[in-house]
Amino acid sequence: MPLPESTAAALSDCLRAPPDADETADVQAWMARWVPLATRGLPPMALALRGGHAADRLGWAFAAGYQAALRALEPTLPADALAAFCVTEEGGNRPRDIHTTLTPSPGGGYTLSGAKRWTTLGPQGAILLVTARLATSDDAARPRLKVARLRTGQAGVAITPMPPTPFVPEVPHARLTFTEVTLTDDDLLPGDGYARCVKPFRTLEDLYVAAAVLAWLAGTAHRRGWPHDYREGLAGALALLAALADEPPDAPATHLALAGALQWAAELHRQADALWARTPDDPATHRWQRDRPLMNVAATARRLRAQRAWEALDR
């Protein structure tokens, strides 16, 4: 399937000189650059590529990919506001770990109560997509989940910023507490929250973040005059990731192709280690070395996803 014109243009531009990237040390400075890009009406993959290419560091490439993945999941999210997907609780992010609860109100609608332990861009996330169990669920081990859409400023929403993480510390995270937040029926996304949102988002986040990070490396390679053969490898991996954006995120074949693309990306990250090592005293090199562990987060979950995909195809 041909890539959308704007995505193909973004891929091409990733191999050209990136826009000037001023020092972007905090989320407010990044948002000042992000919002004009996000409001251009680009499809999510083009948004990830252009956002990554324009970033001055790995953390903002990750943020661009994360925001693009959320818009691939829920296209109605406003372009001029950040969004955060709130799933993880104290026990984890499996359905049985979700104890934030949606309770039907006597006059219609729901109230939302509970807490989320780890929300990326939560302090700045004007739009929250919150995974919760329906109070009417009978099976505690396999509750019925829904995703509610709300804003950070609503009554009953409390945000506690978390300390910076050891890698990409510029990207903020927060704990969220919900105390009888009033919601209407229209505030719930349609369908089963796990099947429609939680499960596919794991795939979408891997796909769009990987593309944004490689786009950032493509811009870095241009700025620093890294070899053409390395940049050709980036071009090939980016084209594969862009093509996968048009495939169903729940298909076993998509999961296996993505696993292969992520292996390719991991090899490009290893090659980048040696290229960054040419400038050991550069602050950008130090940031790469500090932030590099981000790319290994959720590696076990990705291996299990590929394993399940092989099992599904072998039945």
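Our structure is the block above this text.
Residues numbered from 1 in each chain as written. Predicted model: local features only at pLDDT ≥ 70, side-chain atom pairs only at ≥ 80, totals over all residues. Heavy atoms only, no water.

(A) Region of the structure containing the packing of helix 7 (residues 252-276) against helix 9 (residues 299-313). Contact geometry of helix 7 with helix 9 gives a least axis separation of 8 Å together with a crossing angle of 140°. Taken as axis vectors, helix 7 and helix 9 run oblique relative to one another. Handedness of the crossing formed by helix 7 with helix 9: left-handed. Together, Pro252, His255, Leu256, Leu258, Ala259 and Leu262 of helix 7 and Arg302, Arg305, Ala306, Ala309, Trp310, Ala312 and Leu313 of helix 9 make up the contact between the two elements. (Axes fitted to C-alpha atoms, helices over the stretch in contact; angles between N-to-C directions. Helix = DSSP H or I, 4+ residues; strand = E, 2+ residues; numbered from the N terminus. Parallel < 35°, antiparallel > 145°, perpendicular 65-115°, else oblique. Left-handed = near helix turned anticlockwise from the far one by under 90°. Contact = heavy atoms within 4.5 Å.)

(B) Fine view of helix 7. Counted at 1.5 Å a residue, the expected span for helix 7 with its 25 residues is 36 Å, and the 36 Å between its end C-alpha atoms agrees. Turning to helix 7, its buried residues are Thr254, His255, Leu256, Leu258, Ala261, Leu262, Ala265, Leu268, His269, Ala272, Leu275 and Trp276. (Expected span 1.5 Å × (residues − 1). Buried < 20%, exposed > 50% of the residue type's maximum accessible area, 1.4 Å probe, protein only.)

(C) The arrangement of the packing of aromatic side chains in detail. Tallying each qualifying case throughout the model produces ten aromatic pairs. With a centroid separation of 6.2 Å and an interplanar angle of 25°, the aromatic rings of Trp216 and Trp276 are classed as stacked. Highlighted residues: Trp216 in helix 5 (residues 193-224) and Trp276 in helix 7, separated in sequence by 60 residues. Assigned by exposure class, Trp216 and Trp276 land together as buried. The structure contains a cluster of three or more aromatic residues connected by ring pairs, namely Trp216, Trp226, Tyr230, Trp276 and Trp288. (Phe/Tyr/Trp six-rings, centres within 6.5 Å; stacked < 30°, edge-to-face > 60°.)

(D) Looking closely at the packing of helix 2 (residues 27-38) against helix 4 (residues 58-73). Put simply, helix 2 and helix 4 touch, their axes get as near as 11 Å, and they point 55° apart. In terms of their interaxial angle, helix 2 and helix 4 are classed as oblique. Along this stretch, helix 2 crosses helix 4, giving a crossing that reads as right-handed. Judged by residue contacts, Val27, Trp30 and Trp34 of helix 2 engage Trp60, Ala63, Ala64 and Gln67 from helix 4.

(E) Representation of helix 5 in the model. Here helix 5 contains 32 residues, and its C-alpha end-to-end distance of 44 Å stays within 8% of the 46 Å for a straight helix at 1.5 Å per residue. Maximum bend of helix 5: about 40°, positioned at Phe201. Burial of helix 5 is extensive: 23 of the 32 residues sit out of reach of the surface. The N-cap of helix 5, judged by a side-chain oxygen 3.1 Å from the amide nitrogen of Tyr194 a few residues on, is Asp192. (Bend = angle between axes of the 7 residues up to and from the residue. Polar contact = N/O pair within 3.5 Å; in protein donor to acceptor, adjacent residues only side chain to side chain.)

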